[in-house]
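Close look at the chain arrangement
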Amino acid sequence: MGSFEAFSSTLERVGGTSGKNEKVRILADYLRGLDEEDAERAARFATGRASQKGSADETQTGYSTIISVIGEVTGLTPRDISRTYVKCGDLGRVVEEVIPGKKETTLFSGELTLRDVADTFEGMTQSKGKGSTAMKRGYLKAALLRSTPVEAKYLVKILTKEMRIGLVDGLVVEALADAYGLERETVRDAYLLLGDIGLLARQARAGTLSEVRLQLMRPTNFMLAEPMQSAEEIASYFGRELYAEVKYDGVRAQLHKKGEAVRLFSRRLEEITESFPEVAEVARGFPGDMLLDGEIVPFMDGKPLAFQLLQRRLRRIEGFEEAQARAPVRYFLFDVLLLGGEDLYRRPLRERRKYLAEVAGATGLPLADSAPAKTSREIARLFRRSRSLGYEGLVLKDPESPYTPGKRGKSWVKLKEELDTLDVVIVGAELGHGKRAGRLSDYTFAVRDGDAFRVIGKAYSGLTDAEIEEMAVKIKAATVTDDGYYRTVRPELVIEVAFDSIQKSARHDSGYALRFPRIKNLRTDKTPDQADTLGRVKEVYESQKVRSEP
Ligand code: AMP
């Protein structure tokens, strides 16, 4: 039975080394000795997750609950704990520091296993309804009382999703390959298909990766589109007829139907069925099982509405019915991966679309607006048409391409109007001035650079008052240090910014600055590891040089 002590001390060593290869080696050595079940738990925990991706349930335990349980266990006041937290910005490290002063002892003093920890999280997840907070606290307290300082540290790190030991999913995938003597590429592809690192570890350990299939009711990663800058670039790259589809601005959604059950998953592989009950209802009318891909768009009187209208529905806060009435939606279909027990995702898009048309016909769900285009003139014309109908641009797709989960390849390319937009991560916030005085409304944001985030600009405009409030709450929860006028914020919140151009700049540590950045959208659908990279900034910078030449 895998001990949590061995897990924690392995992660200590991973965090203590900066070399990627060394991190992979340490983890692989550890994983090699585990059985299937523990491999699943360890891989999931090592990436800072308490539960399987796509499970509707989460432990749902906030910082304040965790802090007050630490208080109970150590006898410290929540204030003292918060103060230490602000100092080091990591609740896991705080608990490690304070736990030796445990006040209570427990009857069970046996060794904590990976299974015990999984059971603790499961118990917390299943505590629902009245009295659930007390139950969650009970589970957490019992586990903390049995923990050594290092174990307590990792227990809390998993709960707060703050692993911070430089162990991105990609490295865990490599460690799994090395641990069990598998090709890295094979493991990577299986991961994209499975979507969950724990399930991947289990199958890698069992030697059954070659049998990995898409499975209904378990989300897979979405196929992604690569940006291109112009109709000319697209036409000359492909040189053949493409499907030019309207690029909808809504919520990407994967629909799984098995028997009578229907579930919808977002791009973060989180379940969103309850936010869009009418979509699930329509799909339920289809006679067979299926797995579809498409975009949920707020839509009324034949026209798309602002994407922001979906925020209330996604958060399922008060006024849901009103939000539902204000923002009726349509689910525009653009792909089908499984149909009636048959795998379609490896077949060419040309064929998949025939099946998709059948689904659309039978359910009444609309197909994404699509037209053939080959030359740059045809592409440019369809692009203008899409814009004039109120859409973002086009996604052009190669009819011969298979569906590749999680990959940004050139089988799908996107064309948007602006120079471009970047999905960036908020790393700092300040109180605004003038109309926004006294509100946390000015954000400093960054792009990814390996494990690090590099600042590329600041922006304040573009959000509604309600959105500023919503962000303020999230920013407060993610604040690491607060020196009165500037808060350093954990890189968690993704926003989409538009800009006029990119300049080289010594002001920010990325070496670049966006000119006239403005916030276009909150991208609650994206996690920080899906934000744009410094590499992409360089690409856009280079491309604008080409474009501005006469
Ligand atoms: P972006 O969010 O800018 O990276 O653009 C990719 C996103 O465009 C996808 O994740 C989808 O949510 C969205 N999208 C809208 N319409 C389509 C379409 N017809 N095909 C594929 N993706 C689409």
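When helices and strands are counted, the chain shows 20 helices and 20 strands. Its C-alpha atoms give the chain a radius of gyration of 24 Å, near enough to 24 Å, the size a compact globule of 550 residues would have. Projected onto the principal axes, the alpha-carbon positions of the chain cover approximately 75 × 60 × 50 Å. Classification of the 550 residues of the chain by burial places 54% in the buried group. In the chain, once contacts between residues fewer than 6 apart in sequence are set aside, the share between residues at least 24 apart is 71%. Summed over its atoms, the accessible surface of the chain is roughly 24,200 Å², and 49% of this surface lies on carbon and sulfur atoms. Within the chain, the 84 negative side-chain charges are centred at a point lying 2 Å from the centre of the 87 positive side-chain charges.

Below, the discussion takes up the domain arrangement of the chain. What the domain assignment reports for the chain is domain 1 (48-160), domain 2 (224-416) and domain 3 (420-543). Averaged C-alpha coordinates put domain 1 and domain 2 at centres separated by 40 Å.

This next bit is on the site of the ligand. The local shell around the ligand holds 14 residues, among which Glu245, Arg267, Glu295, Lys397 and Lys414 are the closest. With respect to the ligand, the side chain of arginine 267 contributes an N or O atom lying 2.8 Å from an oxygen atom. In the environment of the ligand, an oxygen atom lies 3.0 Å from a nitrogen or oxygen atom belonging to the side chain of lysine 416. Mapped onto the shell around the ligand, the elements with two or more residues apiece are strand S2 (242-247), strand S10 (393-397) and strand S11 (408-416). Broken down by class, the residue content of the shell around the ligand amounts to five nonpolar, no polar and nine charged.

Right, let's talk about the packing of aromatic side chains for a bit. Where two aromatic rings form a pair, the distance of their centres and the angle of their planes describe that pair. For the structure shown, the criterion picks out 12 aromatic pairs. For the ring pair tyrosine 237 and phenylalanine 238, a centre distance of 4.9 Å and an interplane angle of 90 degrees mean the geometry is edge-to-face. Classification of phenylalanine 238 as buried rests on a relative accessible area of 14%. Each ring, one from tyrosine 403 and one from tryptophan 412, has its centre 5.9 Å from the other, and the planes form 85 degrees; the classification is edge-to-face. Put simply, the rings of Phe4, Phe7, Tyr30, Phe45 and Phe121 pair up and form one aromatic cluster. For lysine 397, the ring lying beneath its charged end belongs to tryptophan 412, and the centroid distance is 3.8 Å. The ring of tyrosine 237 carries the charged tip of lysine 410 above its face, separated from the ring centre by 5.6 Å.

Next up on the list: the pattern of salt bridges. Counted according to the given criterion, the structure contains 53 salt bridges. The shortest N-O distance in the salt bridge between arginine 164 and aspartate 90 comes to 3.7 Å. In this pair, arginine 164 is assigned in the loop between helix H9 (149-160) and helix H10 (169-179) and aspartate 90 in the loop between helix H5 (78-88) and helix H6 (91-98), connecting sequence segments 74 residues apart. Using a relative accessible area of 45% as the deciding quantity, one classes arginine 164 as partly exposed. The exposure class of aspartate 90 is buried, given its relative accessible area of 2%.

Located in the positive-phi region is methionine 217, a residue other than glycine, with phi close to 75 degrees. Its place among the elements puts methionine 217 in the loop between helix H12 (197-206) and strand S1 (224-227). The class of methionine 217 is buried, set by a relative accessible area of 18%. One non-glycine residue, aspartate 301, adopts positive backbone phi at about 50 degrees. Note on placement: aspartate 301 falls in the loop between strand S5 (290-300) and strand S6 (303-304).

This part covers the packing of helix H3 (residues 36-46) against helix H7 (residues 114-126). Two elements in contact, H3 and H7, have axes separated by 10 Å at closest approach and are oriented at 65 degrees. Crossing hand, H3 versus H7: left-handed. Listed contacts from H7 to Asp38, Arg41, Ala42 and Phe45 of H3 are Leu114, Arg115, Val117, Ala118 and Phe121. For the contact of H3 with H7, the class distribution of residues is six nonpolar, no polar and three charged.

Residue placement: lysine 128 occurs in the loop between H7 and helix H8 (132-145). For the pair lysine 128 and threonine 59, spaced 69 residues apart in the sequence, the C-alpha separation amounts to 9.9 Å.

Basis of the calculations
- Residues numbered from 1 in each chain as written.
- Predicted model: local features only at pLDDT ≥ 70, side-chain atom pairs only at ≥ 80, totals over all residues.
- Heavy atoms only, no water.
- Helix = DSSP H or I, 4+ residues; strand = E, 2+ residues; numbered from the N terminus.
- Rg over C-alpha atoms; globule rule 2.2 N^0.38 Å.
- Buried < 20%, exposed > 50% of the residue type's maximum accessible area, 1.4 Å probe, protein only.
- Contact = heavy atoms within 4.5 Å.
- Areas by Shrake-Rupley, 256 points an atom, 1.4 Å probe, with all protein chains shown as cover.
- Lys, Arg positive; Asp, Glu negative; His and termini not counted.
- Charge placed at Lys NZ, Arg CZ, Asp CG, Glu CD.
- Domains from an automatic or database assignment.
- Near = heavy atom within 4 Å.
- Polar contact = N/O pair within 3.5 Å; in protein donor to acceptor, adjacent residues only side chain to side chain.
- Nonpolar A, V, L, I, M, F, W, Y, C, P; charged D, E, K, R; others polar.
- Phe/Tyr/Trp six-rings, centres within 6.5 Å; stacked < 30°, edge-to-face > 60°.
- Lys NZ or Arg CZ within 6 Å of the ring centre and 35° of its normal.
- Salt bridge = Lys/Arg side-chain N within 4 Å of Asp/Glu carboxyl O.
- Axes fitted to C-alpha atoms, helices over the stretch in contact; angles between N-to-C directions.
- Left-handed = near helix turned anticlockwise from the far one by under 90°.

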